Amino acid sequence: MSIIDQSGSFTLGDRRVKRLGYGAMQLAGPGVFGPPKDRDTAIAVLRQAVASGVDHIDTSDFYGPHVTNQLIREALHPYRDDLVIVTKIGARRDADASWLPAFSADELRQAVHDNLRNLQLDVIDVVNLRIMLNPHHPSEGSIEAPLTALAELQRQGLVRHIGLSNVTRSQVAEGRKITEIVCVQNLYNLAQRTDDALIDELGRDGIAYVPFFPLGGFTPLQSSTLSDVATRVNATPMQVALAWLLHRAPNILLIPGTSSLSHLQQNIAVAGLTLPGDAIAELDRIAGPNHA
């Protein structure tokens with residue numbers, strides 16, 4: 001058994017994946033725009049991730065744009081049978097690197113075909129629909145039109161499974177009435193725990209939850225708490241934050257990203273990191289008494 005197997009596994013669509021995956025966003029240039037600083041290292045990181053046991057890679061054709069998908073294809077194609085590739089659509093990049101909504105039916109269709117071409121796939125395992133009613137955080141509003149358009153692409157055989165990203169709890173409920181949802185990808189970490197109830201609800205129904213920005217939103221005081229725990233367990237703050245997420249719920253899948261081989265190994269080592277009960281209690285208090 002490799003260390004990554006110690007993270008456990010959970011269902012993603014019709015596949016069972018290890019709970020510790022890899023997010024490709026950081027392989028693009030600064031601001032997730034343009035080519036990587038070191039293309040050879042980016043290729044090496046992807047190959048090492050898979051060699052270390054990662055079987056779930058998260059990407060998007062609007063990372064770069066096109067950059068991360070082309071790197072994944074160069075590094076890993078032809079893909080291993082057990083490798084699940086998850087992508088995101090619903091946004092595009094402007095020439096000034098800004099993030100713009102792109103979820104008309106035509107834009108979603110084009111995005112799926114761009115992902116297929118750049119990844120060199122005939123069908124995408126999972127496509128997350130990124131809701132861009134507000135680019136920075138979930139915002140209420142119907143998702144019926146774009147999700148129905150994506151479901152049509154699924155019926156055409158271009159997409160196996162559908163997930164949602166940057167969504168509210170009510171939008172998840174709306175989406176599940178339209179089509180099967182296999183995962184939800186939202187901002188969630190020790191300090192940002194708005195989705196606590198949603199995570200548990202999804203877990204009861206066998207749906208994966210994929211948090212991003214595992215260290216986003218911390219104040220210096222909260223970072224101090226995290227650093228103190230990290231010192232006690234001989235780990236980095238990032239490792240502790242990721243280990244807490246693994247502990248939080250069995251349906252959480254992690255996609256920590258990096259463009260560094262050494263940082264990749266630190267992330268993978270999280271699978272073998274066990275947090276003692278007193279440390280978990282301290283970390284739980286970071287978000288305040290309503291979440292402890």
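Worth saying up front: this structure is predicted, and the values here are computed from it rather than measured.

About the thresholds
- Residues numbered from 1 in each chain as written.
- Predicted model: local features only at pLDDT ≥ 70, side-chain atom pairs only at ≥ 80, totals over all residues.
- Heavy atoms only, no water.
- Helix = DSSP H or I, 4+ residues; strand = E, 2+ residues; numbered from the N terminus.
- Buried < 20%, exposed > 50% of the residue type's maximum accessible area, 1.4 Å probe, protein only.
- Contact = heavy atoms within 4.5 Å.
- Salt bridge = Lys/Arg side-chain N within 4 Å of Asp/Glu carboxyl O.

Student: Got a minute to help me understand unusual backbone geometry in this structure?
Tutor: Backbone geometry follows two general trends: most residues other than glycine have a negative phi, and most peptide bonds adopt the trans configuration. G64 connects to P65 through a cis peptide bond whose omega is -10°. Residue placement: P65 occurs in the loop between β4 (56–58) and α2 (67–76). Between H77 and P78 the backbone carries a cis peptide bond, its omega angle lying at 0°. Structurally, P78 is set in the loop between α2 and β5 (84–89). Look at V32: it is not a glycine, yet its phi comes out positive at around 55°.

Student: What is the right way to look at the side chain of N267 in this model?
Tutor: Inspection of the secondary structure puts N267 in helix α9 (residues 261–269). Given the relative accessible area of 4%, N267 is considered buried. Apart from residues lying up to four places away in sequence, N267 is in contact with L20, M238, L242, P256, G257 and T258.

Student: Please explain the pattern of salt bridges as it appears in this structure.
Tutor: The tally for this structure, following the rule as stated, stands at 17 salt bridges. Across the salt bridge formed by R39 and E74, the nearest N and O atoms sit 2.6 Å from each other. Taken together, the residues span a long stretch of sequence, with R39 in helix α1 (residues 39–51) and E74 in helix α2 at a distance of 35 residues. Judged by relative accessible area, which is 38%, R39 ranks as partly exposed. Where R176 meets D205, a salt bridge forms, and the shortest distance between an N and an O atom there is 2.9 Å. Note that R176 is positioned in helix α5 (residues 169–178) and D205 in the loop between α6 (196–204) and β11 (208–212), a separation of 29 residues in sequence.

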